[in-house]
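Chain residues, written in single-letter form:
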Amino acid sequence: MNLWAIVWLALLIAIFIGTYIWNKKTPQPEGCEDMSECSGCHNIACTHHSAHHEEEIKDEY
Amino acid sequence: MNKFDTFKKGLFIENPIFVLLLGLCSALAITTSLTNALGMGMAVICVLIMSNVIISLLRKIIPNEIRIPVFIVIIATLVKCVQMLMNAFTPALYESLGVFIPLIVVNCIILGRAESFASKNGVVDSLLDALGMGLGYTFAVLVISFFRELIGTGGLSLFNPFDASQVIFQVQLFGDYSVSLFTQPAGAFITLGCILAFIQCLKIRKERKAKKVEEK
Amino acid sequence: MELVSLFIGLTFVNNVVLSKFYAVCPLLGVSKKPKNALNMGYAVTFVIVIASIVTHILYHFVLVPLEITYLDLITFILVIASLVQFVEMFLKKTSPEIYKSMGVYLPLITTNCAVLGVALDNISANYNLIEATVAGLAVSVGFTIVIYLFATIRERLEIANVPESFKGTPIALITAGIMACALAGIAGLV
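Just so it is clear, the structure is predicted and the values come from calculations on it, not from any experiment. (Residues numbered from 1 in each chain as written. Chains lettered and ligands numbered in written order. Predicted model: local features only at pLDDT ≥ 70, side-chain atom pairs only at ≥ 80, totals over all residues. Heavy atoms only, no water.)

What about the overall build of chain C?
Reasoning step 1: Across its full length, chain C carries nine helices and zero strands.
Reasoning step 2: Reading the helices (α) and strands (β) of chain C from amino to carboxyl end gives α-α-α-α-α-α-α-α-α.
Reasoning step 3: By the compact-globule yardstick of 16 Å for 190 residues, chain C fits well, its C-alpha radius of gyration being 18 Å.
Reasoning step 4: Along the longest, intermediate and shortest principal axes, the C-alpha atoms of chain C span 60 × 45 × 30 Å.
Reasoning step 5: The buried share of chain C, reckoned over its 190 residues, is 60%.
Reasoning step 6: Taking as baseline every contact in chain C between residues at least 6 positions apart, the subset at least 24 positions apart corresponds to 77%.
Reasoning step 7: Of the charged side chains in chain C, 10 are positive and 10 negative; the average position of the first set lies 15 Å away from that of the second. (Helix = DSSP H or I, 4+ residues; strand = E, 2+ residues; numbered from the N terminus. Rg over C-alpha atoms; globule rule 2.2 N^0.38 Å. Buried < 20%, exposed > 50% of the residue type's maximum accessible area, 1.4 Å probe, protein only. Contact = heavy atoms within 4.5 Å. Lys, Arg positive; Asp, Glu negative; His and termini not counted. Charge placed at Lys NZ, Arg CZ, Asp CG, Glu CD.)

As for the side chain of Thr191 of chain B
Residues and elements named next belong to chain B.
Reasoning step 1: Locating Thr191 in the fold gives a position in helix 8 (residues 185–215).
Reasoning step 2: With relative accessibility at 6%, the residue Thr191 sits in the buried group.
Reasoning step 3: A polar atom in the side chain of Thr191 sits 2.5 Å from the backbone oxygen of Gly187.
Reasoning step 4: If we ignore the near neighbours within four places in the chain, the residues touching Thr191 are Ile144, Phe147, Arg148 and Phe182. (Polar contact = N/O pair within 3.5 Å; in protein donor to acceptor, adjacent residues only side chain to side chain.)

Some remarks on a nonpolar patch on the surface
All names here are of chain B.
Reasoning step 1: A contiguous nonpolar surface patch, about 580 Å² in accessible area, is contributed by Met50, Ile54, Leu57, Leu58, Ile61, Val123 and Val124.
Reasoning step 2: Going through the elements one at a time, helix 3 (34–58) and helix 7 (123–153) are the ones with two or more residues in the nonpolar patch.
Reasoning step 3: Here the nonpolar patch gets four residues from one element, more than from any other, and that element is helix 3.
Reasoning step 4: Among the structural elements, Leu58 can be located in helix 3.
Reasoning step 5: Classification of Leu58 by relative accessible area gives partly exposed; the value is 31%. (Patch = residues over 30% accessible without salt bridge, like charges linked within 9 Å, V, L, I, M, F, W, Y side chains within 5 Å. Areas by Shrake-Rupley, 256 points an atom, 1.4 Å probe, with all protein chains shown as cover. Salt bridge = Lys/Arg side-chain N within 4 Å of Asp/Glu carboxyl O.)

What to know about the pattern of salt bridges
Reasoning step 1: For the coordinates displayed, the defined rule picks out six salt bridges over all chains.
Reasoning step 2: In this structure, Asp129 of chain B engages Lys9 of chain B in a salt bridge whose closest nitrogen and oxygen atoms are separated by 2.9 Å. With Asp129 of chain B in helix 7 and Lys9 of chain B in helix 1 (residues 3–9), this residue pair connects regions lying 120 residues apart in the sequence.
Reasoning step 3: Note on Asp129 of chain B: relative accessible area 1%, which makes it buried.
Reasoning step 4: Judged by relative accessible area, Lys9 of chain B falls into the buried class, the value being 10%.
Reasoning step 5: Two residues, Lys20 of chain C and Asp121 of chain C, come together in a salt bridge whose shortest N-O distance is 3.5 Å. Taken together, the positions of Lys20 of chain C in the loop between helix 1 (2–13) and helix 2 (24–29) and Asp121 of chain C in helix 7 (residues 113–124) put the pair 101 residues apart, joining distant regions of the chain.
Reasoning step 6: Residues joined by salt bridges that share partners form a network here, namely Lys9, Arg113 and Asp129 of chain B.

Points about the pairing of strand 1 (residues 155–159) of chain B
Residue and element names in this part refer to chain B.
Reasoning step 1: Within strand 1, four of the five residues are buried, which leaves it mostly tucked inside the rest of the structure.
Reasoning step 2: As defined by bridge partners, strand 1 adjoins strand 2 (residues 167–172) across five bridges and the pair is classed as antiparallel. Residue pairing for strand 2: Gly155 is matched across the bridge by Gln172. (Pairing = 2+ DSSP bridges.)

A look at unusual backbone geometry
All names here are of chain C.
Reasoning step 1: Non-glycine residue Glu67 carries a positive phi angle of around 60°.
Reasoning step 2: Positionally, Glu67 belongs in the loop between helix 3 (34–63) and helix 4 (72–94).
Reasoning step 3: A positive phi is found at Asn126, a non-glycine position, where the angle reads about 55°.

Rendered as structure tokens:
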């Protein structure tokens, strides 16, 4: 069993979780709180979240 | 919501490709033949069930702030295992699906279901939801590839995924009038557009009927 | 000269969206305003170019020497996700104006098939570092062009006289199909 695989995986996961929490902790600059036209855009989970479409429709009319 | 509804909604009402419009990258790319579509559907069902069950089992242990990174790691590991298994047991399918097996990782269906369902519900519910969504995906991809293969090559064929030389069925309906545009990328877009238009037509008719009944 | 033909090939002929189906979800999901589409394109370009370089270096200098190439998928997706988080945090801290225009789309890029697809394709095509960078740039320029054109066409489709069952996504998909036909016509260029 290759030990380097476990070391490399642990390193990558640590870096990812580190940058994720670091990003969450930094607040958005002022003026940027409400500028996004959709609430679903900040969700990393999906580009085609249904929240996008609702906000867009509200925005168009 | 009872158990059977959880399973059934993934098939038609919230079909991941036709209604939720998730995971279109792979749906358009691999639907050139029924064999590819069936193979990809099987892979997605495997990954979806395993990821939903594992995330549902671990949902109380994972800290809430690092949910998304943990999901991504779990799903990536599962997809790599599935990819290696497919390389070993279904080599012809592995060749033809190519890079779209690893791309199951960023397929919105899996991460979306994990985020919105498996992290909040029990194991049995998550299993049923995964099975429903996976079967819905497979059904949708089979429908798209049915039309593409029929109009594009004039016939239908299905090979055994585990043994590429074994033919399950192969019919040649019309060779001279096939429109080979449909085996090309452009045909994929047009086929999916027409199928979605058909579904939207059915939805509009249902709404009109409901309005008429209301007015009476 | 090969680099130029590689660039043109990936931007137009084998356009990543219309011929390889990599970034179809953002194509249909991102706003119908051309300005926002262009901002999405900039964000994607930035991430894809850096991701191509970083994944190439990591694959050839870490995974291959240590003989853990079976970890390539997990490595790439974790690197891309970390990169996106890092870029967003960096923009938040240093440049609010840029964050205002394109930072909104950064979280969506993690699940964009194009980034992971380009990284995997570079490995399987055995490009060296320069070719991988050019490939990344070509893919993102192609994506930006297509998404911008698509946004302008969708703007006009909103007010066009479309049959009722086709309104919305179906007509958008058929438009994408026609655009793909147009690109297939120049297939003999490179």
